[in-house]
Amino acid sequence: MDGTRTENAIEPHFKLSPPPDTGPAALIDAPPIPGLFFTPSLRLPADLADSVMNYCLKTFFTSANINQIMLFCRAPSAESSTAPSGLPPLLISLLDVLSDILRPTLPPDIHSLLFPTVPTRARQAIINRYDPGEGITPHVDLLKRFGDGIVGVSFGSGCVMQFASSSEDQTYGVYLPEGSIIVMSGDARYKWSHGIEKKTMDYVQTPDTSSADGGRWVKRTMRMSITFRWLLPGAEVVGSA
Ligand SMILES: O=C(O)CCC(=O)C(=O)O
Ligand SMILES: [Fe+2]
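Rules used in this analysis
Residues numbered from 1 in each chain as written. Chains lettered and ligands numbered in written order. Predicted model: local features only at pLDDT ≥ 70, side-chain atom pairs only at ≥ 80, totals over all residues. Heavy atoms only, no water. Core = buried A, V, L, I, M, F, W, Y, C linked by side-chain atoms within 4.5 Å. Buried < 20%, exposed > 50% of the residue type's maximum accessible area, 1.4 Å probe, protein only. Helix = DSSP H or I, 4+ residues; strand = E, 2+ residues; numbered from the N terminus. Contact = heavy atoms within 4.5 Å. Near = heavy atom within 4 Å. Areas by Shrake-Rupley, 256 points an atom, 1.4 Å probe, with all protein chains shown as cover. Nonpolar A, V, L, I, M, F, W, Y, C, P; charged D, E, K, R; others polar. Donors = N, O, S within 2.8 Å, 3.2 Å for Na, K, Ca; no water. Axes fitted to C-alpha atoms, helices over the stretch in contact; angles between N-to-C directions. Left-handed = near helix turned anticlockwise from the far one by under 90°. Phe/Tyr/Trp six-rings, centres within 6.5 Å; stacked < 30°, edge-to-face > 60°. 1 Å grid on protein atoms, 1.4 Å probe; cavity = no way out; pocket = protein on both sides within 12 Å on 5 of 7 lines; lining within 4 Å. Points joined across faces, edges and corners; volume = space filled by probe spheres on them.

For the protein, the name recorded in an unreviewed UniProt entry is Fe2OG dioxygenase domain-containing protein, with Armillaria gallica as its organism.

Now for the nonpolar core. Residues Leu94, Ile127, Phe155 and Ile226 are the most contacted members of the largest nonpolar core, which totals 32 residues. Among the secondary structure elements, those contributing two or more residues to this core are helix H1 (46–59), strand S2 (68–73), helix H2 (89–102), helix H3 (108–114), strand S3 (123–130), strand S5 (150–155), strand S8 (180–184) and strand S12 (223–230). No other element matches the 6 residues that H2 contributes to this core. The residues touching Ile226, leaving out its near neighbours within four places in the chain, are Val52, Cys56, Leu91, Leu94, Ala125, Ile126, Ile127, Val151, Gly152, Val153 and Phe155. Tyr130, Cys159, Met161 and Leu176 belong to the second largest nonpolar core, which has 18 residues in total.

Around ligand 1 sit 13 residues, and of these Tyr130, His139, His194, Arg223 and Ser225 come closest. Taking 300 Å² as the accessible area of ligand 1 by itself, protein coverage stands at 95%. Looking at the shell around ligand 1, the elements with two or more residues in it are S3, strand S4 (136–139), strand S9 (193–196) and S12. Split by residue class, the shell around ligand 1 holds 5 nonpolar, 4 polar and 4 charged.

Attention shifts here to the coordination of the iron ion (ligand 2). For the iron ion (ligand 2), the protein coordination sphere consists of His139 (NE2), Asp141 (OD) and His194 (NE2), at 2.1 Å. In primary sequence terms, the donor set of the iron ion (ligand 2) follows H-x1-D-x52-H. Here His194 lies in strand S9 and Asp141 lies in the loop between S4 and S5, a separation of 53 residues in the sequence. The buried category is assigned to Asp141, whose relative accessible area is 2%.

What follows deals with the packing of H1 against H2. Relative to each other, H1 and H2 sit at 145°, their axes nearing to 11 Å. Remark: the crossing between H1 and H2 carries left-handed chirality. In this structure, H1 contributes Leu48, Ser51, Val52 and Tyr55 to the contact, and H2 contributes Leu90, Leu91, Leu94 and Val97. Here the residues of the contact of H1 with H2 sort into 7 nonpolar, 1 polar and no charged.

Let us look at the packing of aromatic side chains. Scanning the model with the defined rule gives 3 aromatic pairs in all. Summarising the aromatic geometry, the rings of Tyr55 and Phe60 are spaced 5.9 Å apart at their centres and angled 90° between planes, so their arrangement reads as edge-to-face. We classify Tyr55 as partly exposed; its relative accessible area is 24%. A relative accessible area of 13% places Phe60 in the buried class. Ring centres 5.2 Å apart and planes at 45° place the aromatic pair Tyr203 and Trp217 in the tilted group.

With that settled, consider empty space enclosed by the protein. If a probe the size of a water molecule is rolled over the atoms, the empty space left behind becomes visible. Here the structure, examined in full by the defined rule, presents 2 cavities of 30 Å³ or more. Roughly 210 Å³ of internal volume is contained in the largest cavity. Lining of the largest cavity is provided by 21 residues; of these, Asn128, Tyr130, Met161, His194 and Thr227 occupy positions nearest its centre. Elements with a contribution of two residues or more to the lining of the largest cavity: S3, S4, S5, S8, S9 and S12. If you tally residues by element for the lining of the largest cavity, the top one is S12, at 4 residues. Broken down by class, the residue content of the lining of the largest cavity amounts to 9 nonpolar, 8 polar and 4 charged. Approximately 30 Å³ is the volume found for the second largest cavity. For the lining of the second largest cavity, the residue count by class is 3 nonpolar, 2 polar and 3 charged.

Structure below.
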């Protein structure tokens, strides 16, 4: 598991007022981080997003203390030509739609890293549910367990994701709207941490302001995210670590 998601269920939520003190408004477009791809206008179709979210809430998040689910999808074996199995059909459809949506904007090598014609690795889908006031500790996804090429989708609510690089002494907050898609590869995956602060609202740039200090408060509602990552060889055996 990454970070400390399981602790969230027992942590008190933020009070709604007064708004927490904040730094500059979060960006509404991609920050200059090599390997990070984010086009805020590209969104999942609302009907698909609703179906996926409702399916996951009904199937996996059946009690208030469950906030994280991991699913695994094997690569097709050399002996069988059958389609990869292990993910619910709706998540396979989600991957197909993500591939189509991202094809025009991603560099071809990054697109084929995420959506190879014939996958050779097992894939993990991690599904996180956040009530307002919950977040995830800044982290780099486990280096020994996951490969390069990570794609994440936001459902139900937007939130600000913080990206930080210790070597560059630089931090960016980026607002990920409901239905938006983020891709992390290269430096963005290996050299920058990502996390979500435990807040009930985010201070976000207004679309008509180019300066980073003009913003508005955006309340969070329940958010779900699905993140697809490649398991490194051997990492498909899940132990207690
Ligand atoms: O909720 C998100 O969008 C991020 C989740 C995440 O970073 C993780 O599970 O490793
Ligand atoms: Fe992560």
